[in-house]
Amino acid sequence: MSNEQPGKTLQGALIGCGFFAENQMRAWQDLAGVEIVALCDRDPQRLARFQALFGIEDTFTDAETMFAALSGTLDFVDIATTTQAHATLVPLAARHGAAIICQKPFAGSLETARRLIELCADRGVSLGIHENFRWQRAIRQTIEALRSGEIGRPFFGRISYRSGFDVYRAQPYLAEVERFIIEDLGIHVLDIARALFGEVERLGCETTRVNPEINGEDVATLMLRHEDGVTAVVDCSYATRLADDPFPQSLIEVDGDRGSLRLRQDFKLEIHDAEGRCAVRDVRPEPPAWSESPWFPIQQSVLAFQADWLEAQRLGRSVETRGDDNFNTLALVDAAYRAAATHQIVVPERWGR
Ligand code: NAD
Ligand code: 89V
């Protein structure tokens, strides 16, 4: 059911009516040719809130019941729950032949990720991971400038995400988890590193917990050696006090053999050439009407990711962040925790290797 003819409105169900899913719902409402026809959340209050907010009649507190009731009518399912539920919900959706979009982190272990990816492949079901950061306009423009060869062959990169924003207010579970910043936020930044510089040969990582009220690490610094020879630093912090907090921006530096790129906090992308000239591009996102500060760069990327997913379905192509591709991002998260625990350089697992 996933590769419908152009023209048909794709019908989907959303599972998980929590904090972030509201962005996904708003984005679906902005897009033509797609409709969310059913909602599912095990929490009746959250379900009722979304039902009222989005005017959707069909609601379910149990996904199995939903699939049984709507069997054959759902083209896709948008899984917006936290990770733990994915291992049950992905096989369930695959059994019913619905194309799947699943939030990051896709799985709690590489073993589970592998099983889910293989299961979807066996059933011929498309599996796209909602990894949206590479769809932020500023990041996309940086990726495109690099790929177009404007600064020649890159040899150094730094992707830096440092903020003191209170992420625990809207997502209280982030204070409880044993693995915090790499698994929740670093996963996005590592995905950007892959989009910019390709696969990673080996990495090192050190972590720290600054905030005494949380269980996991809120600071991580990684050094990656990419297959194509780029050395990159990925540094993430939710413990950085700044008067002008950049949340939720990732700032990027790339040095190439013919120039350098700098993505600055004011949404300016500088392209420095070998002659010492600097061209500055405005890469500020055009925020959707429903977006709000400071979340708008992420909200813009949710809309961009979902628009690309929709186009991919129509054209019968896969999205960049399909399951087996995202496995390699998840493998960097896994390698980072192993490196932090052992203080050793770690070779990440890789899909198909
Ligand atoms: P949340 O806890 O606010 O919402 C999750 C919802 O899923 C809850 O309402 C819960 O009741 C429901 N749920 C859980 N298991 C279920 C099941 N088996 N069946 C039906 N409903 C179920 O969480 P959140 O902050 O919205 O995060 C959800 C996911 O989105 C997380 O994986 C998080 O990492 C991710 N996220 C992504 C981004 C991004 O930019 N891509 C940003 C924030 C959060
Ligand atoms: O994108 C995320 O996963 C969010 C945040 C940007 C707050 O880290 O949890």
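Residues numbered from 1 in each chain as written. Chains lettered and ligands numbered in written order. Predicted model: local features only at pLDDT ≥ 70, side-chain atom pairs only at ≥ 80, totals over all residues. Heavy atoms only, no water.

Caption draft 1: Here's a closer look at unusual backbone geometry. The linkage connecting Phe-247 with the following residue, Pro-248, adopts the cis geometry, with an omega of 0°. Within the secondary structure, Pro-248 sits in the loop between strand S10 (231-237) and strand S11 (251-256). Of note in the backbone geometry, Phe-267 takes a positive phi value of approximately 60° without being a glycine. Relative to the assigned elements, Phe-267 resides in the loop between strand S12 (259-263) and strand S13 (268-273). Phe-267 gets classed as buried once you look at its relative accessible area, which sits at 4%. Residues other than glycine seldom take positive phi values, yet His-343 does so here, at roughly 55°. With respect to the secondary-structure elements, His-343 resides in the segment after helix H9 (323-342). The exposed category is assigned to His-343, whose relative accessible area is 54%. (Helix = DSSP H or I, 4+ residues; strand = E, 2+ residues; numbered from the N terminus. Buried < 20%, exposed > 50% of the residue type's maximum accessible area, 1.4 Å probe, protein only.)

Caption draft 2: Quick look at the site of ligand 1. The local shell around ligand 1 holds 24 residues, among which Phe-20, Asp-41, Lys-104, Asn-132 and Tyr-173 are the closest. Here an oxygen atom of ligand 1 and a side-chain polar atom of Tyr-173 are 2.7 Å apart. Here ligand 1, which alone exposes 850 Å², has 90% of that area covered by the protein. For the shell around ligand 1, a count of residues per class yields 10 nonpolar, 8 polar and 6 charged. (Near = heavy atom within 4 Å. Polar contact = N/O pair within 3.5 Å; in protein donor to acceptor, adjacent residues only side chain to side chain. Areas by Shrake-Rupley, 256 points an atom, 1.4 Å probe, with all protein chains shown as cover. Nonpolar A, V, L, I, M, F, W, Y, C, P; charged D, E, K, R; others polar.)

Caption draft 3: Highlighting empty space enclosed by the protein. Under the definition given, this model contains 2 cavities of 30 Å³ or more. One number sums up the size of the largest cavity: a volume of about 60 Å³. Only helix H6 (137-147) and helix H8 (296-315) provide two or more residues apiece to the lining of the largest cavity. For the lining of the largest cavity, the leading source of residues is H6, giving 3 residues. (1 Å grid on protein atoms, 1.4 Å probe; cavity = no way out; pocket = protein on both sides within 12 Å on 5 of 7 lines; lining within 4 Å. Points joined across faces, edges and corners; volume = space filled by probe spheres on them.)

Caption draft 4: Highlighting the side chain of Glu-270. Position of Glu-270 among the secondary structure elements: in strand S13. If we ignore the near neighbours within four places in the chain, the residues touching Glu-270 are Ser-260, Leu-261, Arg-262, Arg-264, Cys-278, Ala-279 and Val-280. (Contact = heavy atoms within 4.5 Å.)

Caption draft 5: Up close: the layout of surface pockets. Put simply, the second largest pocket is a space of about 270 Å³. If you go around the second largest pocket, you meet 20 residues; those closest to its centre are Val-125, Ser-126, Leu-127, Ser-318 and Arg-322. Elements with a minimum of two residues in the lining of the second largest pocket: helix H5 (110-123), strand S6 (127-130), H8 and H9. The class makeup of the residues in the lining of the second largest pocket is 8 nonpolar, 9 polar and 3 charged.

Caption draft 6: Geometry of the site of ligand 2. As a matter of local geometry, ligand 2 sits amid Lys-104, Phe-133, Tyr-161, Val-167, Gln-171, Asp-184, Leu-185, His-188, Tyr-238, Trp-295 and Ile-298. Lys-104 places a polar side-chain atom, nitrogen or oxygen, 2.6 Å from an oxygen atom of ligand 2. Contacts to ligand 2 include Tyr-238, whose side-chain N or O atom sits 2.7 Å from an oxygen atom. When ligand 2 sits alone it has 270 Å² of accessible area, and the protein chains cover 94% of it.

Caption draft 7: Broad picture of the pattern of salt bridges. Taken as a whole, this structure holds 25 salt bridges when the rule is applied. Between Arg-140 and Glu-320 there is a salt bridge, with the nearest N and O atoms lying 2.5 Å from each other. Pair noted here: Arg-140 is in helix H6 and Glu-320 is in the loop between H8 and H9, with a separation of 180 residues, a long-range link. On the basis of relative accessibility, which here comes to 13%, the residue Arg-140 falls in the buried class. (Salt bridge = Lys/Arg side-chain N within 4 Å of Asp/Glu carboxyl O.)

Caption draft 8: Region of the structure containing the pairing of S11. With 6 bridges connecting them, strand S7 (residues 154-162) and S11 associate as antiparallel partners. Across the sheet, Arg-158 pairs through a bridge with Glu-253, a residue of S11. Sheet topology note: the S11/S12 ladder contains 5 bridges and is antiparallel. Looking at S12, one finds that Val-254 is bridged to Leu-261. Count of turn residues in the S11/S12 antiparallel hairpin: 2 residues. (Pairing = 2+ DSSP bridges.)

Caption draft 9: Region of interest: the packing of helix H4 (residues 86-95) against H5. Where H4 meets H5, the axes come as close as 9 Å, and the angle between the chain directions of the two elements is 5°. As the angle between them shows, H4 and H5 are arranged roughly parallel. Contact residues: H4 offers His-86, Ala-87, Val-90, Pro-91, Ala-94 and Arg-95, while H5 offers Thr-112, Arg-115, Leu-116, Leu-119, Cys-120 and Arg-123. Split by residue class, the contact of H4 with H5 holds 7 nonpolar, 2 polar and 3 charged. (Axes fitted to C-alpha atoms, helices over the stretch in contact; angles between N-to-C directions. Parallel < 35°, antiparallel > 145°, perpendicular 65-115°, else oblique.)

Caption draft 10: Structural view of H6. Among all positions in H6, only Ala-138, Ile-139, Arg-140, Thr-142, Ile-143, Ala-145 and Leu-146 are buried. Buried residues along H6 sit against S7, helix H7 (181-197), S11, S12, S13 and strand S14 (278-282). Positive phi shows up at Gly-149, right after H6, with a value of about 85°.

Caption draft 11: Inspection of the state of the cysteines at higher detail. According to the stated counting rule, one finds 0 disulfides in the structure shown. The structure places no disulfide on Cys-40, whose sulfur is separated from the nearest cysteine sulfur, that of Cys-17, by 7.3 Å. In this structure Cys-102 is not part of a disulfide, and its nearest cysteine sulfur, from Cys-120, lies 9.0 Å away. (Disulfide = S-S within 2.5 Å.)

None of this, on its own, says anything about what the molecule does.
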